[in-house]
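# Structure assessment
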Amino acid sequence: MRPGAAASRGGGGGSPSRAAGEERALTSVAAGRRPEEYEEPKDLPRLWHVTLSVSGEEAPLGEVRRGLEQLAHDHPFLLTSRYAGDHAEIRYWEEARDLHDAAAVALRLWGEHRQSAKLPPWEIVGLEVIDRETYHQRLAEGYGPPPATPVGVHPF
């Protein structure tokens, strides 16, 4: 039983400063440490595998390819892109504190670089963000996207 639980249930042996029936606040502080001694764990960045899917009206294949190549040149973290005249898929590794941060970056990628890379005016239609361990587990189990080889921009 955690310390102070008996007092909150009306049993004896609790802190003398707490009245009978008074609730004890739950904390995440390690046993034996005062709250002011507790240090928050550092948010270390992790690697996330991102797959961003975009789609829209038909665009010339040469322009789609050139736009994706420009995006890869501007942002060398892009691992691979596949494209057709009306859709594309971009896969890359993102370093971020958590899934929310990795997804936020991915959701801004297409729109923020649409003009500079002259990308088609397509919308994001899919997003998958998985941690490194899940990515490798999927590969080991024989499902999920194959490793991105060859790296670069390729037609579907």
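Residues numbered from 1 in each chain as written. Predicted model: local features only at pLDDT ≥ 70, side-chain atom pairs only at ≥ 80, totals over all residues. Heavy atoms only, no water.

## What about the nonpolar core?
Counting 24 residues, the largest nonpolar core has L68, L71, I90, Y92, W110 and W122 as the members making the most contacts within it. Taken together, the elements giving at least two residues each to this core come down to β1 (46-55), α2 (61-74), β2 (78-83), β3 (87-96) and α3 (99-112). Per-element accounting of this core gives the leading share, five residues, to α3. Leave out the neighbours within four places in its chain, and I90 touches V50, T51, L52, L68, L71, L78, T80, S81 and W110. (Core = buried A, V, L, I, M, F, W, Y, C linked by side-chain atoms within 4.5 Å. Buried < 20%, exposed > 50% of the residue type's maximum accessible area, 1.4 Å probe, protein only. Helix = DSSP H or I, 4+ residues; strand = E, 2+ residues; numbered from the N terminus. Contact = heavy atoms within 4.5 Å.)

## Details of α3
Since the α-helix advances by 3.6 residues per turn, residues separated by three or four positions end up pointing in the same direction. The end-to-end C-alpha distance of α3 is 20 Å, a good match for the 20 Å that 14 residues give at a rise of 1.5 Å each. Burial in α3 covers these residues: A102, A103, A106, L109 and W110. Viewed along the axis of α3, the buried residues span an arc of 110°, placing them on a single side of the element. Summarising the geometry of α3, the exposed residues directed more than 90 degrees from the buried face are H100 and E112. In the core, the buried residues of α3 are packed alongside β1, α2, β2, β3 and β4 (123-131). (Expected span 1.5 Å × (residues − 1). Arc of directions from axis to C-beta.)

## Details of the pattern of salt bridges
It is possible for side chains bearing opposite charge to pair when their charged atoms get close. Going through the model one piece at a time under the given rule, you end up with seven salt bridges. Taking the shortest distance from any N to any O, the salt bridge between D131 and R46 comes out at 3.3 Å. Residue D131 is located in strand β4, and its partner R46 is located in strand β1; the two are separated by 85 residues in the primary sequence. Judged by its relative accessible area of 16%, D131 falls in the buried class. R97 is the partner of D98 in a salt bridge, and the nearest nitrogen-oxygen pair spans 3.0 Å. One continuous salt-bridge network, built from bridges that share partners, spans R97, D98 and D101. (Salt bridge = Lys/Arg side-chain N within 4 Å of Asp/Glu carboxyl O.)

## Some remarks on α2
Over its 14 residues, α2 runs 20 Å from end to end, which matches the ideal 20 Å to within 8%, given 1.5 Å per residue. Every buried residue of α2 is accounted for by V64, G67, L68 and L71. Projected down its long axis, α2 shows its buried positions confined to an angular sector of 95°, all on one face. Within α2, the exposed residues directed more than 90 degrees away from the buried face are G62 and H73. The inward-facing, buried residues of α2 contact β2, β3, α3 and β5 (152-155).

Read these as geometric descriptors, not functional statements.
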